[in-house]
Amino acid sequence: MASLDIADRERASLTQRPRRHAALIELSLAVGSFAIGTGEFAIMGLLPDVARGLQVTTPEAGHAISAYALGVVVGAPTIAVLAAKLSRRTLLLGLMAVFMLANFASAMAPTYGVFVLFRFLSGLPHGAYFGVAALVAAAMVAPNKRTQAVGRVMLGLTVATLVGTPLTTVLGQYFGWRSLFVFVGAIGAITIGLLALYLERDRVLEGAGALRELGAFRRKQVWLTLGIAGIGFGGMFCVFSYIVPTAVQVAGLSEAYAPVLMTAFGLGMVTGNLVGAWIADKGLMRTIGSVLAANALVLCLFSLTAASPAMLTFCVFLIGCGVAIGPALQIRLMDVAGDAQTLAAALNHSAFNIANALGAWLGGLTITWGFGYAATGWVGAALSVCGLGVFALSVTAERRARA
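All values derive from a computational prediction rather than experimental measurement.

K.L.:
Even after reading the chapter, I still don't get the overall build of the protein chain, so can you show me in this structure?
P.N.:
Secondary structure summary: the protein chain contains 20 helices and 0 strands in total. Compactness check: the protein chain gives a C-alpha radius of gyration of 20 Å against a globular reference of 22 Å for 403 residues, within 12% of the reference. Dimensions of the protein chain, computed from the C-alpha atoms along their principal axes, are close to 55 × 50 × 35 Å. Buried positions account for 61% of the 403 residues belonging to the protein chain. Partitioning the contacts of the protein chain with sequence separation of at least 6, the portion at a separation of at least 24 is 85%. Summed over its atoms, the accessible surface of the protein chain is roughly 15200 Å², and 69% of this surface lies on carbon and sulfur atoms. Of the side-chain charges in the protein chain, 26 are positive and 16 negative, and the distance between the mean point of each set is 4 Å.

Okay, structure coming up:
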C-alpha cells in the first residue's frame, strides 16, 4: 500500500536519529499539546466566572466551548488540505503561532461576541497540530510502538488537565478568568521556541498535494472511525462541560472545589492515555470497543451518584480515563487512510471536537429543559452506546471486505 510505503520511508530516516534527540522532539510536541489542552479544558472550570464577566448565563458561556470545537472541526481538514505542500516543521510552527496569538486575543476580548469569535479562531490550529504531531511521533518508532509514541505526545494534553487546568482555575479565581488565556498563549510561545530548536527542517513528501489528501473522504472506514469519535466521545463533554455547576447544584459543594475536580479529571486522563496506548499496541480494535462500553457504564454511574461528593469526584476520574480511546483512534485513522495521512490524522481531532460541541450542546439543552445537571450523564451514556453501534458497523464492514 502507498501509505505503508510512505510510512516506511519516513521511519527509515527518522529512526536514525539518537533516541535522546527523538525524546526531545516528543517533549517539544507534548508541550504544544499541553498548551492546547489547557486552552481547551481550563475554561470549563471557570465557566461561571466567564459568564459573570461577560454578563451572560452559564449555558450561554458554554457556547464559547462549542465555538472552539467548531474551529477545530473547520480548521483541521481545511488546513490539512491547503497546507499539504508545506513541510511538517513549517506547518507545526505556523499552527502554534496562530494558536498563541488567538489566545492572547481571547484574553483581551471586550464583549461576549468577540470572545466567542476568538475562541473559534483559537480552535482552528488544534486538529492539524495534533495530526501532524502524531505523524512525526509515529514515524520515529517501530510499527508496534506507534500508539505509545502518539500517546506520549498526547500526554501533554492529559497533563494539561492534571496540572494546567487546575492551575489556571486557581489563577482565574484570583486574577480573573482572562489570565488563563494569557498563560496559554505564553506556553504556545515556549512551544514555538522548542520546535524551532529541536525539530529539524524536513522536505515535503513526494506526491504530496491537496488532491491526495482529499482521497481520505473516499474511504468508508475513515468515515466510520470519525463517527466513533464524533458520537461516542461526546458523553465526556456532555458531563464535564458543566461539572462545576453540577458540583455546586447537585453535590452541594462550593466553586472552590473546582480545582479538585479538575485534578481528578486530569489524573484519569493521564492514566487512560498511558494505559490505553499500551493496550492498543497489543489489540487496537479490542481497545476501542472496550473503552466505549466502559464509558457508557461510568456515565450511568455518574447520574446515579452525582449527589455524593466522593462519588462525584470518583466518577470524574473515571470519565477522564475514557481518553484511553484517543491514541487508538488516531492510529486506526492512519491505518485506514491510505496515502491521505495528514488529513486523516487531523480529522481525528475534528471528530473529537464534534463530540465536544455535540456534548456541550446536548448537556446545555438537558439543563435548560429542566432535567437537572445530573441528567447529563444519561445523555452522555446514550452517546457512548451510539458510538459503540458505529464501532460495530466498522468491524462488520471490515470483515465483509476481507471475506
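K.L.:
Help me out: how do you make sense of a nonpolar patch on the surface in this one?
P.N.:
Together, Leu274, Val275, Trp278 and Ile279 make up a nonpolar patch on the protein surface, roughly 370 Å² of accessible area in all. For valine 275, a relative accessible area of 42% translates into the label partly exposed.

K.L.:
Would you take a moment to explain the packing of aromatic side chains for this structure?
P.N.:
Applying the stated criterion across every chain yields a total of 7 aromatic pairs. When the centroid spacing of 5.2 Å and the interplanar angle of 75° are considered together, the rings of phenylalanine 115 and tryptophan 177 count as edge-to-face. Here phenylalanine 115 is found in helix 7 (residues 112–123), whereas its partner tryptophan 177 is found in the loop between helix 9 (146–175) and helix 10 (178–198), with 62 residues between them in sequence. Looking at tryptophan 177, the relative accessible area reads 8%, which means it is buried. Centre to centre, the rings of phenylalanine 233 and phenylalanine 352 are 4.8 Å apart; their planes meet at 65°, and the pair counts as edge-to-face.

K.L.:
Any chance you could explain helix 12 (residues 220–232) here in plain terms?
P.N.:
Every α-helical turn comprises 3.6 residues, leaving residues that sit three or four positions apart pointing alike. Taking 1.5 Å per residue as the helical rise, helix 12 with its 13 residues ought to reach 18 Å, and the 18 Å between its terminal C-alpha atoms agrees with that figure. In terms of burial, helix 12 is largely enclosed, as 10 of its 13 residues are buried. Buried within helix 12 are the following residues: Gln221, Val222, Leu224, Thr225, Leu226, Gly227, Ile228, Ala229, Gly230 and Gly232. Buried positions along helix 12 lie against helix 13 (234–240), helix 16 (284–305), helix 18 (325–336), helix 19 (341–368) and helix 20 (376–402).

K.L.:
Would you explain the pattern of salt bridges in this entry?
P.N.:
Oppositely charged side chains are able to pair whenever their charged atoms sit close together. Per the counting criterion, the structure on display carries 6 salt bridges. For the salt bridge of arginine 146 with aspartate 335, the shortest nitrogen-to-oxygen distance reads 3.0 Å. Note that arginine 146 is positioned in helix 9 and aspartate 335 in helix 18, a separation of 189 residues in sequence. Take aspartate 335: its relative accessible area is 34%, and that puts it in the partly exposed class. Between arginine 402 and glutamate 398 there is a salt bridge, and its shortest N-O distance comes to 3.8 Å.

K.L.:
What's the story with the state of the cysteines in this structure? I'm lost.
P.N.:
One covalent bond between the sulfur atoms of two cysteine residues makes up a disulfide. Here the structure, examined in full by the defined rule, presents 0 disulfides. Looking at cysteine 238, it has no disulfide partner, and the nearest cysteine sulfur is the one in cysteine 300, 12 Å off. Cysteine cysteine 386 is unpaired, with the sulfur of cysteine 238 as its nearest cysteine sulfur at 12 Å.

K.L.:
Mind showing me how you'd approach the environment of alanine 160 here?
P.N.:
By the secondary structure assignment, alanine 160 is in helix 9. Accessibility expressed as a relative area gives 0% for alanine 160, which makes it buried. Separated by 125 residues in sequence, alanine 160 and alanine 35 have C-alpha atoms that sit 7.2 Å apart. Setting aside residues no more than four positions away along its own chain, alanine 160 makes contact with Phe34, Gly37, Thr38, Thr165 and Pro166.

K.L.:
Is there a simple way to think about the side chain of serine 106 in this case?
P.N.:
Relative to the helices and strands, serine 106 resides in helix 6 (residues 88–107). With relative accessibility at 0%, the residue serine 106 sits in the buried group. Of the polar contacts made by the side chain of serine 106, one reaches the side chain of arginine 119; its length is 3.1 Å. In this view, serine 106 contacts Phe115, Phe118, Arg119, Ser122, Trp177, Arg178 and Phe181; residues no more than four positions away in its chain are not counted.

K.L.:
Whenever I open this one, the packing of helix 6 against helix 10 confuses me. Can you help?
P.N.:
The packing of two helices is summarised by the inter-axis angle and the distance between the axes. Across the interface, helix 6 lies against helix 10 with an axial gap of 8 Å and an inter-helix angle of 160°. Relative to helix 10, the element helix 6 lies roughly antiparallel. Considering how the two elements wind past one another, helix 6 and helix 10 form a crossing that is left-handed. Together, Arg89, Leu92, Leu93, Met96, Ala97, Phe99, Met100, Asn103, Phe104, Ser106 and Ala107 of helix 6 and Arg178, Phe181, Val182, Val184, Gly185, Ala186, Gly188, Ala189, Thr191, Ile192, Leu195 and Ala196 of helix 10 make up the contact between the two elements. A class-by-class count of the residues in the contact of helix 6 with helix 10 yields 16 nonpolar, 5 polar and 2 charged.

K.L.:
Explain the confidence of the model for the protein chain here, please?
P.N.:
For any part of a model where pLDDT is low, the fine detail of the predicted coordinates should not be relied upon. Averaged over all residues, the pLDDT of the protein chain equals 85, while 93% of them reach at least 70. For the stretch residues 1–9, pLDDT sits under 50, and the model shows 7 contacts to residues farther than four places along the chain or on other chains. A low-confidence stretch, residues 11–15 stays under pLDDT 50, and its non-local contacts, those more than four residues away or across chains, total 12 contacts.

K.L.:
How should I be thinking about the packing of helix 5 (residues 63–82) against helix 8 (residues 126–138) in this particular structure?
P.N.:
The interhelical angle for the contact between helix 5 and helix 8, taken along N-to-C directions, is 55°, at an axis separation of 6 Å. In this view, helix 5 runs oblique relative to helix 8, as classed from their interaxial angle. Contact residues: helix 5 offers Tyr68, Val72, Ala76 and Ile79, while helix 8 offers His126, Gly127 and Ala128.

K.L.:
Could you clarify how one ought to interpret the environment of threonine 376 in this entry?
P.N.:
For threonine 376, the position within the fold is in helix 20. Take threonine 376: its relative accessible area is 0%, and that puts it in the buried class. Spatially, the C-alpha atoms of threonine 376 and phenylalanine 302 are 8.9 Å apart, while their sequence positions differ by 74 residues. Contacts of threonine 376, omitting those with residues within four sequence positions, involve Cys238, Val239, Phe302, Gly363, Thr366 and Ile367. Only 2.8 Å separates the side chain of threonine 376 from the backbone oxygen of tyrosine 373, close enough to count as a polar contact.

The rules behind these values
Residues numbered from 1 in each chain as written. Predicted model: local features only at pLDDT ≥ 70, side-chain atom pairs only at ≥ 80, totals over all residues. Heavy atoms only, no water. Helix = DSSP H or I, 4+ residues; strand = E, 2+ residues; numbered from the N terminus. Rg over C-alpha atoms; globule rule 2.2 N^0.38 Å. Buried < 20%, exposed > 50% of the residue type's maximum accessible area, 1.4 Å probe, protein only. Contact = heavy atoms within 4.5 Å. Areas by Shrake-Rupley, 256 points an atom, 1.4 Å probe, with all protein chains shown as cover. Lys, Arg positive; Asp, Glu negative; His and termini not counted. Charge placed at Lys NZ, Arg CZ, Asp CG, Glu CD. Patch = residues over 30% accessible without salt bridge, like charges linked within 9 Å, V, L, I, M, F, W, Y side chains within 5 Å. Salt bridge = Lys/Arg side-chain N within 4 Å of Asp/Glu carboxyl O. Phe/Tyr/Trp six-rings, centres within 6.5 Å; stacked < 30°, edge-to-face > 60°. Expected span 1.5 Å × (residues − 1). Disulfide = S-S within 2.5 Å. Polar contact = N/O pair within 3.5 Å; in protein donor to acceptor, adjacent residues only side chain to side chain. Axes fitted to C-alpha atoms, helices over the stretch in contact; angles between N-to-C directions. Parallel < 35°, antiparallel > 145°, perpendicular 65-115°, else oblique. Left-handed = near helix turned anticlockwise from the far one by under 90°. Nonpolar A, V, L, I, M, F, W, Y, C, P; charged D, E, K, R; others polar. pLDDT = per-residue confidence, 0-100.

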